[in-house]
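Geometric and topological summary
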Amino acid sequence: MTSSAKIDEVAFLIGPGGKITTWNAACQRLLGYADKDILLRHITSLLPAPQKKTMQERLRASRSAADKFESDLVLADGQQATFSLTFIPQYRRTGRFSGFSVLLRHAGAHANEGAGTACPATEREVIRNTPLKDMVDFLTGTFYVINQERRLVSWNKKVEQATQRSSAQLVVLDVLELFADDEKQLIAEKIGEVFERNGQVMVEANLLAKNGSSTPFLFSGSRFISSGKFYLCGMGLDISERRERDEQLRLRDRALHASSNGILITHCIGKKNLIEYVNPAFERITGYAAEEVIGRDPRFMAAPGMDDDQRAQLKQALLERSEINVIFRNRRKNGELFWNDLTITPVLDPRGVCSHFIGVINDITTFKHHTSHLEHKVNHDVLTGLANRTLLLDRLEQAIHVAQRNKTMVATLMIDLDNFKVINDSMGHDAGDTVLKVVAKRLQDSVRDSDTVARLGGDEFVLVLSNQPSLRFTLRMIDRLRQDMAQAVPIDKMQIAVELSMGVSVFPHDADSVDGLLRAADVAMYHAKRAGRNDVHFFSEEMRLTTESKHKLENSLRNALAKNEIFLALQPKMSMKTGKIVGAEALLRWSHPERGILLPAAFIAEAEDSGLIIELGEWVARDICAMLQRLQQIGFHDIGMSMNISFREFSQKDYFSSIREKLAEFKLEPALFELEIKESHLTRNLPLSRDILPHIDELGLRLTVDEFGAGLSSLSDLQQFPIDHIKIAKSIIDNLQRDKTHGALAKMAIGIGHTMNVDVIADGVETSNQLIFLQINGCDQIQGNYFSEPLRMEQFEQMLRASPAARH
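About the thresholds
Residues numbered from 1 in each chain as written. Predicted model: local features only at pLDDT ≥ 70, side-chain atom pairs only at ≥ 80, totals over all residues. Heavy atoms only, no water. Pairing = 2+ DSSP bridges. Helix = DSSP H or I, 4+ residues; strand = E, 2+ residues; numbered from the N terminus. Axes fitted to C-alpha atoms, helices over the stretch in contact; angles between N-to-C directions. Contact = heavy atoms within 4.5 Å. Buried < 20%, exposed > 50% of the residue type's maximum accessible area, 1.4 Å probe, protein only. Parallel < 35°, antiparallel > 145°, perpendicular 65-115°, else oblique. Nonpolar A, V, L, I, M, F, W, Y, C, P; charged D, E, K, R; others polar. Disulfide = S-S within 2.5 Å. Phe/Tyr/Trp six-rings, centres within 6.5 Å; stacked < 30°, edge-to-face > 60°. Lys NZ or Arg CZ within 6 Å of the ring centre and 35° of its normal. Arc of directions from axis to C-beta. Expected span 1.5 Å × (residues − 1). Left-handed = near helix turned anticlockwise from the far one by under 90°. pLDDT = per-residue confidence, 0-100. Core = buried A, V, L, I, M, F, W, Y, C linked by side-chain atoms within 4.5 Å. Salt bridge = Lys/Arg side-chain N within 4 Å of Asp/Glu carboxyl O. Right-handed = clockwise from strand over helix to strand, strands pointing away.

Observations regarding the sheet that holds strand S6 (residues 152-155)
A sheet is described by the order of its strands in space; here 5 strands give the open sequence S6-S5-S9-S8-S7, paired in antiparallel fashion. Of all the strands in the sheet, the pair left with one neighbour each is S6 and strand S7 (201-208). When the angles between neighbouring strand axes are averaged without regard to direction, this sheet yields 30°. Bridge count for strand S5 (residues 142-146) against S6 is 3 bridges, and the pairing is antiparallel. Looking across to S6, one finds that Tyr-144 is bridged to Trp-155. Taken strand by strand, helix H9 (residues 181-197) contacts S5, S7, strand S8 (214-226) and strand S9 (229-238), and its axis lies near 140° from that of S7.

Overview of the pairing of strand S28 (residues 725-728)
Residues in a regular strand point their side chains to alternate faces of the sheet. Side-chain alternation along S28 places His-725 and Lys-727 on one buried face and Ile-726 and Ile-728 on a second face that is also buried. In this sheet, S28 lies alongside strand S27 (residues 702-708) in parallel orientation, the contact comprising 3 bridges. By the bridge assignment for S28, Phe-708 is matched with Ile-728. Examined bridge by bridge, S28 and strand S29 (residues 759-763) share 4 bridges and lie parallel to one another. Along S29, the bridge assignment pairs His-725 with Asp-759.

Overview of the packing of helix H15 (residues 389-406) against helix H19 (residues 514-530)
Across the interface, H15 lies against H19 with an axial gap of 9 Å and an inter-helix angle of 110°. The angle between H15 and H19 places the two elements in the roughly perpendicular class. Every residue of H19 that contacts H15 at Leu-392, Leu-393, Leu-396, Glu-397 and Ile-400 is listed here: Val-514, Leu-517 and Leu-518. In the contact of H15 with H19, the residues fall into 7 nonpolar, no polar and 1 charged.

Some thoughts on the state of the cysteines
Taken as a whole and assessed by the stated rule, the structure comprises 0 disulfides. Free cysteine: Cys-268, not disulfide-bonded; nearest cysteine sulfur from Cys-354 at 4.4 Å. The exposure class of Cys-268 is buried, given its relative accessible area of 10%.

Some words on the sheet that holds strand S15 (residues 409-417)
Spatially, the 5 strands line up as an open sheet ordered S16-S17-S15-S20-S21, and their pairing is mixed. Strands at the two margins of the open sheet, each flanked by one partner only, are strand S16 (452-457) and strand S21 (536-538). The average undirected angle you get between the axes of adjacent strands in this sheet is 20°. Sheet contacts for H15: S15, S16, strand S17 (460-468) and strand S20 (500-507); angle to S17, the most-contacted strand, approximately 20°. Strands in contact with H19 are S15, S17, S20 and S21; relative to S20, the strand with the most contacts, it is inclined by about 145°.

Details of the packing of aromatic side chains
In this structure the tally under the stated criterion is 12 aromatic pairs. Centroid distance Phe-69 to Phe-87: 5.5 Å. Interplanar angle 15°. Geometry classified as stacked. Of the two residues, Phe-69 sits in strand S2 (residues 67-74) while Phe-87 sits in strand S3 (residues 80-91), which places them 18 residues apart along the sequence. Neither Phe-69 nor Phe-87 differs from the other in exposure class; each is buried. Here Phe-217 and Phe-219 contribute two aromatic rings whose centre-to-centre distance is 5.5 Å and whose plane-to-plane angle is 15°, an arrangement assigned as stacked. For Phe-217, a relative accessible area of 5% corresponds to the buried category. A connected cluster of aromatic rings, assembled from ring pairs, spans Phe-69, Phe-87, Phe-97 and Phe-100. When the ring centre of Phe-69 is taken as origin, the NZ or CZ atom of Arg-58, which lies over that ring, is 4.0 Å away. Across the ring face of Phe-300, the terminal group of Arg-296 is positioned such that the distance to the ring centre comes to 3.8 Å.

With respect to helix H32 (residues 793-801)
Restricting attention to buried positions, one finds in H32 the residues Met-793, Phe-796, Glu-797 and Leu-800. Seen from one end, H32 has its buried residues packed into an arc of 100°, which puts them on one side. Of the exposed residues in H32, the ones pointing more than 90 degrees away from its buried face are Glu-794 and Gln-798. Looking at the packing, one finds that the buried side of H32 touches strand S22 (566-575), strand S23 (581-592), helix H22 (612-633) and strand S25 (640-645).

Here we look at H9
Look at H9: 25 Å from first C-alpha to last across 17 residues, which is about the 24 Å you get at 1.5 Å a residue. Of all the residues in H9, the buried ones are Glu-183, Ile-187, Ile-191, Gly-192, Val-194 and Phe-195. Packed against the buried residues of H9 are S5, S7, S8 and S9. Note on H9: the residue one or two positions beyond its end, Asn-198, has a positive phi of about 55°.

Side note on the packing of H22 against helix H24 (residues 655-665)
The geometry of H22 relative to H24 is characterised by a closest axis approach of 10 Å and an angle of 25° between their N-to-C directions. Taken together, H22 and H24 sit at an angle that is classed as roughly parallel. In this structure, H22 meets H24 at a crossing whose hand is right-handed. In this structure, H22 contributes Glu-618, Ala-621, Arg-622 and Cys-625 to the contact, and H24 contributes Ser-658, Ile-659, Lys-662, Leu-663 and Glu-665. Taken together, the residues of the contact of H22 with H24 sort by class into 4 nonpolar, 1 polar and 4 charged.

Remarks on unusual backbone geometry
When glycine is set aside, most residues are seen to have a negative phi, and most peptide bonds are trans. Backbone torsion omega between Phe-507 and Pro-508 reads 5°, so that peptide bond is classified as cis. Relative to the helices and strands, Pro-508 resides in the loop between S20 and H19. Look at Lys-407: it is not a glycine, yet its phi comes out positive at around 60°. Mapped onto the secondary structure, Lys-407 falls in the loop between H15 and S15. Lys-407 gets classed as exposed once you look at its relative accessible area, which sits at 75%.

Brief notes about the confidence of the model for the chain
Residues of the chain with pLDDT of at least 70 account for 93%, and the chain-wide mean is 86. Segment residues 1-5 is flagged for pLDDT under 50; beyond a separation of four residues in sequence, or across chains, it makes 2 contacts in the model. Counting contacts from residues 110-120, a segment whose pLDDT is below 50, to residues more than four positions away or on other chains yields 6 contacts.

Some details on the nonpolar core
The biggest cluster of nonpolar side chains holds 90 residues, and the ones touching the most others in it are Ile-624, Phe-673 and Leu-774. Judged by nonpolar contacts, the second largest core, of 32 residues, contains Val-453, Met-502, Val-504 and Val-536.

Examining the pattern of salt bridges
All chains considered together, the criterion is met by 30 salt bridges. With its nearest N and O atoms 3.0 Å apart, the salt bridge here joins Glu-665 to Arg-622. Linking Glu-665 in helix H24 with Arg-622 in helix H22, this pair joins segments that are 43 residues apart in sequence. Classification of Arg-622 as partly exposed rests on a relative accessible area of 37%. Connected through salt bridges with shared partners, the residues Glu-204, Arg-242, Arg-243 and Asp-246 form a single ionic network.

What about the pairing of S29?
With 4 of 5 residues buried, S29 lies mostly within the body of the structure. Relative to strand S30 (residues 781-783), S29 is paired through 3 bridges, and the arrangement is parallel. Its bridge partner being in S30, Ile-761 is matched across the sheet by Gln-781. This β-α-β element, S29 to helix H31 (residues 768-776) to S30, shows right-handed connectivity.

Here is the structure:
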């Protein structure tokens, strides 16, 4: 057909909803509509109003097979003409219906060709009669035909789009002009191979656009003959995404080689896991070269007889094809042991079957030695080497569990040296320290290995006599203890008499909890002191009368919330790097009608014992949300707040659901809300903490470990929790300038926090010397009266407004 011939048949596409998605020049010449006027219009817009409904029904019915019918169409000039329409359903490779290919011809032309018959065209005939030019424009890639002069003689629209050139520009250029200089020779050779040797070629090259940009393509081509001439017919596919994936794979391979952690990949065959790849860090950590380990099972590095529980867990995870993290000891090639923090992750093939494991080795030997030393320091008294308060609480809790299981008793002895102040004042602190060390040694020698001796501080000691079969047995142990302690302590050729007042509580008679036993023993010890000292008193029912004031306080506390006597004071937190206010800790206060403003120490213990802590915590969380919302409204969008929560609170089943509801109610970002949990509470029940604390991370809340370094620390346990900050115990900050030990502990806490990639907060900063020490040693944030005492919300707002840097 020449350009001047009448066009009787055209083709275009419509989508699954009936909207026209393609429209070429032939369609425009036949119906008069330009593509900008018709594209994305529904096909029924071409029909007279009476036939629109019929067309909708035909569209629904024609999805399963081609449909051919006649219909009037409205031309661009408003006239109507009768056409024969053939709807051919189209489907993607996935089988999903994608629309129709519509063939359109004048009804008269169809009648002439059919010679008066009504025989419908087959699908094959319809497709065979569709012009090639119309079909190639539907291809996802470029289509082209090149003559031996390297000129384009036919192409689809994708060529024009990719090169940003018009038909007039493409028809006159040498195809080599579409490629960069460094690729022209290769393209010329490939074209020559097609024409000269009838080759079928494929080549990757960058196609240049008119604006200078380039796109990688995979080109193919082969030779065919038409009218005695050779031509190259081919296609090109945009491979940009594949190139990006290849680059990502190369980047990942370089990352594996550059990683400071050892990485190995094993092939999973039944119960065998043979090494296929190790990176340089693996070679450095283990001492084994890659060729020495490829094809071997990694178990050859195991240290026999060590960490059997962890190895059993690893074995089970491999059998179950599940991810696991374990820490155990391995042997290097030279026989040296090292601590291996190992993470194993299964890799699934396209069928979902585990084909490989990826192992990441982290040599934490130095960290282990460091933390072991720190754990001893934070769990033991520096002067005497006895257990400190945190370790005492843990040991006492364990003793109670054993007694419950064995139906035995636990005796808790609270001991105070009656004349220690006199020794210190008259003979000096060195003599006092000597007395404390001697007393500690004698106490340890007087009890069994299964018992615990702890120093609470000053001249207070606590003994935990576990697994006591009877009170008579306990009395004999106490009597032997008193005999050993009756001997004088020799100091500078002097014999110093040491007298002890002891209070004894017994599980389960006097209390059934750690705190209860310690409080009962403490009450009994003070009764011993008031009775004349150097005596032993067992806790009795009469002593319970002293708890009446405690009950009164509990009752008053229950009414305090209803009477609006409880309020929050905010202590600002300052960034040591920027000097900006970054948040505040919400501190509970009680405006007592008789005793004035009470700090938490005066009533929190009673709230814990009575369970009122749950209601108080709910009130605190809601009040914090309201204050955060207020800060958002006045423009302080990045200022967060933290609240202290107890073990009893966060172990409640619906605690985190309650927090989520409050955040949603006040429309707050979870990251502004921070929970502070004492380190001792986190490690009090590790299995429970492991189950509960991931909820903090899921909600997007922040978590601070409070009173870090004040007692027993297990860093390997803490690393399992989603921690954002650690807060150095106030006792360490208080004693920074008094002795070198607390300075070392503070430095160690800061170092550990940074090793764990969390910010470190110093609590209770009261002096410029403390501030300077913390600045020098890289502490991240501070809070304390040196910077600002706790403030009411109105005062806190004023402070923020006075500090323009705080507004975001």
